[in-house]
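Below, each chain spelled out in residue letters.
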Amino acid sequence: MGKLGVRRTEGGARDGPTLDRGLGRAQLGLAACFGGQLFGKLALNPKLDAPGSKTERAKMLNAAWNRYNVVNAVSLGTAAATWFVGRASISGESIDENARNLVLAKDALFVASILTGLASIISGLRLARQAPEGAMPIQTGTEPAPETPEEAAGLLRTVNVLGNVSLGLIASIIVVTTILSQKAGQPARWSAVSRFLP
């Protein structure tokens with residue numbers, strides 16, 4: 001875990017704050033993914049029962065999510081690339097078993113999050129192609145309308161399940177990142193190694 005924190009002199013004294021660019025990129029990427037998806041789940045999707053016709057709701061939903069999927073992909077890709085580049089600089093012998101397990105857990109969470117995100121994007125694109133301009137009837141961003149075609153209804157449910165899983169995975173990455181940041185300030189050996197981990 002790279003740090004937004006302090007440099008230490010040979011005697012261990014703090015030498016003022018430093019900005020770890022890797023940490024900044026990774027944290028901004030995770031924040032963009034988590035914040036955008038959380039907004040969509042809690043604010044956008046449930047409120048689509050208000051405006052316009054059922055087909056207009058679908059057009060609005062598909063346009064919004066397809067646009068933000070670009071942000072999600074770039075943000076998660078940046079966070080993951082920064083993490084894997086940084087952690088490739090250390091070996092398992094450099095850290096204790098607890099920290100090593102956290103690093104491996106973060107590896108697995110990133111891989112699962114990338115695969116889930118790709119599956120969600122593909123399902124969303126398939127959903128948008130069920131009607132011209134994505135205008136199949138829906139009740140809300142999470143519920144198909146009674147007249148929604150069966151395939152489209154299934155894709156809508158799939159996209160929402162994948163979105164929930166993705167949100168949970170990103171939240172887990174943030175939690176593991178926080179724990180690793182706390183550990184970085186403990187043993188001197190781990191603190192030194194942590195500089196390579198965003």
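Residues numbered from 1 in each chain as written. Predicted model: local features only at pLDDT ≥ 70, side-chain atom pairs only at ≥ 80, totals over all residues. Heavy atoms only, no water.

1. Considerations on the overall build of the chain
- Assigned secondary structure in the chain consists of five helices and two strands.
- Walking the chain from its N terminus toward its C terminus, one meets helices and strands in the order β-β-α-α-α-α-α.
- When the accessible area of the chain is evaluated, it comes to approximately 10,400 Å², of which 61% is carbon and sulfur surface. (Helix = DSSP H or I, 4+ residues; strand = E, 2+ residues; numbered from the N terminus. Areas by Shrake-Rupley, 256 points an atom, 1.4 Å probe, with all protein chains shown as cover.)

2. Some remarks on the pattern of salt bridges
- According to the stated counting rule, one finds three salt bridges in the structure shown.
- Residues lysine 59 and glutamate 56 are paired through a salt bridge, measuring 3.7 Å at the closest nitrogen-oxygen approach. Residue lysine 59 and its partner glutamate 56 are both found in helix 2 (residues 54–87); the two are separated by three residues, about one turn of the helix.
- Judged by its relative accessible area of 25%, lysine 59 is partly exposed.
- Given the relative accessible area of 40%, glutamate 56 is considered partly exposed. (Salt bridge = Lys/Arg side-chain N within 4 Å of Asp/Glu carboxyl O. Buried < 20%, exposed > 50% of the residue type's maximum accessible area, 1.4 Å probe, protein only.)

3. Observations regarding the nonpolar core
- With 17 residues, the main nonpolar core has Leu30, Phe110 and Leu180 as its most contacted residues.
- Secondary structure elements with two or more residues in this core: helix 1 (21–44), helix 2, helix 3 (97–128) and helix 4 (150–183). (Core = buried A, V, L, I, M, F, W, Y, C linked by side-chain atoms within 4.5 Å.)

4. Some details on the confidence of the model for the chain
- Residues of the chain with pLDDT of at least 70 account for 76%, and the chain-wide mean is 78.
- In the model, residues 1–19 has pLDDT below 50 throughout and makes 45 contacts with residues more than four positions away in sequence or in other chains. (pLDDT = per-residue confidence, 0-100. Contact = heavy atoms within 4.5 Å.)

5. Side note on the packing of helix 3 against helix 4
- Relative to each other, helix 3 and helix 4 sit at 155°, their axes nearing to 8 Å. When the axis of helix 3 is compared with that of helix 4, the two are roughly antiparallel. Judged by the sense of rotation from one axis to the other, the crossing of helix 3 with helix 4 is left-handed.
- The residue makeup of the contact of helix 3 with helix 4, split by class, is 20 nonpolar, 10 polar and four charged. (Axes fitted to C-alpha atoms, helices over the stretch in contact; angles between N-to-C directions. Parallel < 35°, antiparallel > 145°, perpendicular 65-115°, else oblique. Left-handed = near helix turned anticlockwise from the far one by under 90°. Nonpolar A, V, L, I, M, F, W, Y, C, P; charged D, E, K, R; others polar.)

6. Quick word on a nonpolar patch on the surface
- Together, Val111, Ile114, Leu115 and Leu118 give the surface a local cluster of nonpolar side chains, amounting to about 340 Å² of exposed area.
- Structurally, the position occupied by leucine 118 is in helix 3. (Patch = residues over 30% accessible without salt bridge, like charges linked within 9 Å, V, L, I, M, F, W, Y side chains within 5 Å.)

7. Notes on the environment of glycine 24
- Considering the arrangement of structural elements, one finds glycine 24 in helix 1.
- Here glycine 24 falls in the partly exposed class, since its relative accessible area comes to 28%.
- A sequence separation of 58 residues divides glycine 24 from threonine 82, and the C-alpha atoms of the two residues are 9.7 Å apart.

8. Comments concerning the side chain of threonine 82
- Tracing the backbone shows threonine 82 in helix 2.
- A distance of 2.7 Å separates a polar atom in the side chain of threonine 82 from the backbone oxygen of threonine 78. (Polar contact = N/O pair within 3.5 Å; in protein donor to acceptor, adjacent residues only side chain to side chain.)

9. Quick notes on the environment of threonine 158
- Mapped onto the fold, threonine 158 is located in helix 4.
- Residues threonine 158 and leucine 127 lie 31 residues apart in sequence; the distance between their C-alpha atoms is 9.8 Å.

10. Notes on the packing of helix 2 against helix 3
- In the contact formed by helix 2 and helix 3, the axes pass within 10 Å of each other and the chain directions differ by 160°. Classified by the angle their axes make, helix 2 and helix 3 are roughly antiparallel. Our pair here, helix 2 against helix 3, has a crossing hand that is left-handed.
- Within the contact of helix 2 with helix 3, the residues separate by chemical class into 15 nonpolar, five polar and three charged.

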